Structures are given as structure tokens and as C-alpha cells.
Amino acid sequence: MKNANTTSTTNTTNTADNPSGRSGQGGQSDTGSLTDRLNQAQPYALGLFRIVVGLLFACHGAASLFGVLGGAMGGGTIPAGTWPGWYAAVIQLGAGVLVLAGLGTRSAAFLASGSMAYAYFKVHQPESLFPLQNGGETAALFCWAFALLVFTGPGALAVDRLFGARVATGSTTRRTNEDREEQGTPVGAA
């Protein structure tokens, strides 16, 4: 009788710690292991985000400069040197390609974010306050997406990481576990 109460108490404690009542291996909840897997995939998700945003941004610039993909505003190109459209297109193409490749990501993203903030406040916002009303959703989304990349860095699959890995390999000092975790490299990896 005493053993039955002990087992019941143990099950109650596990249920209280894990509201779903399910447990993974060793009594760990399934949620904890999912969170760990998502955390390990975070640099790759960030890298994919960077690649997609950079590609879309570069396509805007290429359309305006070269008339590809439908051209600028429904067709054609922007005449060279016109302010601000041609300069914005050059920034879109250049910064988009750099962000796509992950080369100088933070600097390129900073420039791209600023250009989209300028586009929003100078072109769209005077029409109306909200992006949905003034057609500035794209400018606002690009602005905030690039601002995010300024703070997070390029994630995985970036040219910056290749240069960083060569420098770290050639040096005699080893990175600490904290440095590896900040870069998204598992602590046990060499």
C-alpha cells in the first residue's frame, strides 16, 4: 500500500512539471527537446531568411536598372542618375547581392534599411499614415528585415563565415565556448 502512494505522488509531480503529461527520454519533456532542436537550427533559419530577403531586394534593383522581371513600375528602366529612384535601385541591387551572399552583411543591411526608411518616409508616408493605406508595406518590411540582420548578423551559409573560419583556423588562439555559442556553432564542434 505504501508503494502505491509513492508511485502516485511521483506521477503527480511529473504531471505538474510537464502539463502535457508526456515525457521524452529520461523524463524530459518533448517540448524541451523541440526547443533544443529549434535552437540548433536557428543559424540556418537566419541564413535562409537573409538569402531570401537579399534576393528579393536585389530583384527590385535589377528590375529598375535593367528592365528585367517586369521592369520599373510596370516596364522600362529608371534613367541613370535620376534622384532618388536610380540611386535607390543601385543600393537595392548592390546591397541585395551582398546580403544574399552574406558578405559584409551588417554594413549592407544597415545601408539597405536606411534606404528603405527614406523611401517610406519620403515617398509613402506623406500619402497616408499607415503602410496599408499608402502602399508602403514593402518598404516598411524591407526596412525592418534589414534592421534585424544588422543586429543578428548573417547566420549560417555566409561568405563572412568562410573568411572568419579561415582566420580562426590560422590563428594560434582558440575560441571560447561563449564565442562558439554566439556564432551558432555547437560547443562540442571543433
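About the thresholds
Residues numbered from 1 in each chain as written. Predicted model: local features only at pLDDT ≥ 70, side-chain atom pairs only at ≥ 80, totals over all residues. Heavy atoms only, no water. Helix = DSSP H or I, 4+ residues; strand = E, 2+ residues; numbered from the N terminus. Buried < 20%, exposed > 50% of the residue type's maximum accessible area, 1.4 Å probe, protein only. Contact = heavy atoms within 4.5 Å. Phe/Tyr/Trp six-rings, centres within 6.5 Å; stacked < 30°, edge-to-face > 60°. Core = buried A, V, L, I, M, F, W, Y, C linked by side-chain atoms within 4.5 Å. Axes fitted to C-alpha atoms, helices over the stretch in contact; angles between N-to-C directions. Parallel < 35°, antiparallel > 145°, perpendicular 65-115°, else oblique. Left-handed = near helix turned anticlockwise from the far one by under 90°. Nonpolar A, V, L, I, M, F, W, Y, C, P; charged D, E, K, R; others polar. Expected span 1.5 Å × (residues − 1).

Draft legend 1. Layout of the overall build of the protein chain. Scanning the protein chain from terminus to terminus reveals eight helices and zero strands. Helices and strands in the protein chain line up, N terminus first, as α-α-α-α-α-α-α-α. Looking at the protein chain residue by residue over its 190 residues, the buried ones come to 26%. Counted over contacts in the protein chain with a minimum sequence separation of 6, partners at least 24 positions apart contribute 61%.

Draft legend 2. Region of interest: the packing of aromatic side chains. For the structure shown, the criterion picks out seven aromatic pairs. On the numbers, 5.9 Å between centres and 15° between planes, the contact of phenylalanine 142 with phenylalanine 146 is stacked. Here phenylalanine 146 and phenylalanine 142 lie together in helix 6 (residues 137-152), a separation of four residues that amounts to about one turn. In this structure an aromatic cluster arises from ring pairing among Trp83, Trp86, Tyr87 and Tyr118.

Draft legend 3. Here's a closer look at the nonpolar core. If you look at the biggest cluster of nonpolar residues, it comprises 18 residues, and the most contacted ones within it are Phe57, Val99, Ala109, Met116, Phe142, Phe146 and Leu149. Secondary-structure elements contributing two or more residues to this core are helix 2 (30-66), helix 3 (85-101), helix 4 (105-124) and helix 6. Looking at this core, the element that brings in the most residues is helix 6, giving seven residues. Ignoring anything within four residues of it in the chain, the contact list for phenylalanine 57 reads Ile91, Gln92, Ala95, Gly96, Ala112, Ser115, Met116, Phe142 and Phe146.

Draft legend 4. Representation of the packing of helix 4 against helix 6 within the structure. Where helix 4 meets helix 6, the closest approach of the two axes is 8 Å, and the angle between their N-to-C directions is 155°. Taken together, the axis directions place helix 4 and helix 6 in an arrangement best described as roughly antiparallel. Relative to helix 6, the crossing made by helix 4 is left-handed. Of the residues in helix 6, those in contact with Arg106, Ala109, Phe110, Ala112, Ser113, Met116, Ala117, Tyr120 and His124 of helix 4 are Ala139, Phe142, Cys143, Phe146, Ala147, Leu149, Val150, Phe151 and Thr152. Partitioning the contact of helix 4 with helix 6 into residue classes produces 14 nonpolar, three polar and one charged.

Draft legend 5. Just unusual backbone geometry, in detail. The peptide bond linking tryptophan 83 to proline 84 adopts the cis configuration, its omega dihedral lying at -10°. Among the structural elements, proline 84 can be located in the loop between helix 2 and helix 3. In this model, leucine 157 sits at a positive phi of 60°, which is unusual for a non-glycine residue. For leucine 157, a relative accessible area of 60% corresponds to the exposed category.

Draft legend 6. The arrangement of helix 6 in detail. Taking 1.5 Å as the rise per residue, helix 6 with 16 residues should run 22 Å; its terminal C-alpha atoms sit 22 Å apart, in good agreement. Every buried residue of helix 6 is listed here: Ala139, Ala140, Phe142, Cys143, Ala145, Phe146, Ala147, Leu149 and Val150. Glycine 153, located one to two residues past helix 6, shows a positive phi value of around 85°.

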